[in-house]
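# Chain and residue survey
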Amino acid sequence: MSKLSYEDKINIYQKKKQGQSRYSFAREYSIKDGNIFYIVS
């Protein structure tokens, strides 16, 4: 697993605001859903 780039984090945040689930991000970026929760909260 590589680190997420700044652009990846921005994309995740914007998609979360549009209503996409954090589980779909976890699959898309191959990271744990708990890490997604940390990024978007």
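The structure contained in this document is the topic of the report that follows. (Residues numbered from 1 in each chain as written. Predicted model: local features only at pLDDT ≥ 70, side-chain atom pairs only at ≥ 80, totals over all residues. Heavy atoms only, no water.)

## What about helix 2 (residues 22–29)?
- Taken together, the buried positions of helix 2 are occupied by Ser24, Phe25, Ala26 and Tyr29.
- For helix 2, the secondary structure elements touched by its buried residues are helix 1 (6–17) and helix 3 (33–40). (Buried < 20%, exposed > 50% of the residue type's maximum accessible area, 1.4 Å probe, protein only. Helix = DSSP H or I, 4+ residues; strand = E, 2+ residues; numbered from the N terminus. Contact = heavy atoms within 4.5 Å.)

## Focus on the pattern of salt bridges
- Scanning the model with the defined rule gives 2 salt bridges in all.
- A salt bridge links Lys15 to Glu28; its shortest N-O distance comes to 3.2 Å. With a gap of 13 residues between them, Lys15 in helix 1 and Glu28 in helix 2 connect regions that are remote in the sequence.
- Measuring nitrogen to oxygen at the nearest pair gives 4.0 Å for the salt bridge that ties Arg22 to Asp33. Within this pair, whereas Arg22 is found in helix 2, its partner Asp33 is found in helix 3, the two being separated by 11 residues in sequence. (Salt bridge = Lys/Arg side-chain N within 4 Å of Asp/Glu carboxyl O.)

## With respect to the packing of helix 2 against helix 3
- Running from N to C, helix 2 and helix 3 cross one another at 115°; their axes reach a closest spacing of 8 Å. It follows from the interaxial angle that helix 2 and helix 3 lie roughly perpendicular. Helix-helix and strand crossings are classified by hand; for helix 2 and helix 3 the assignment is right-handed. On helix 3, the residues that touch Arg22, Tyr23, Phe25 and Ala26 of helix 2 are Asp33, Ile36 and Phe37.
- Taken together, the residues that form the contact of helix 2 with helix 3 break down as 5 nonpolar, no polar and 2 charged. (Axes fitted to C-alpha atoms, helices over the stretch in contact; angles between N-to-C directions. Parallel < 35°, antiparallel > 145°, perpendicular 65-115°, else oblique. Left-handed = near helix turned anticlockwise from the far one by under 90°. Nonpolar A, V, L, I, M, F, W, Y, C, P; charged D, E, K, R; others polar.)

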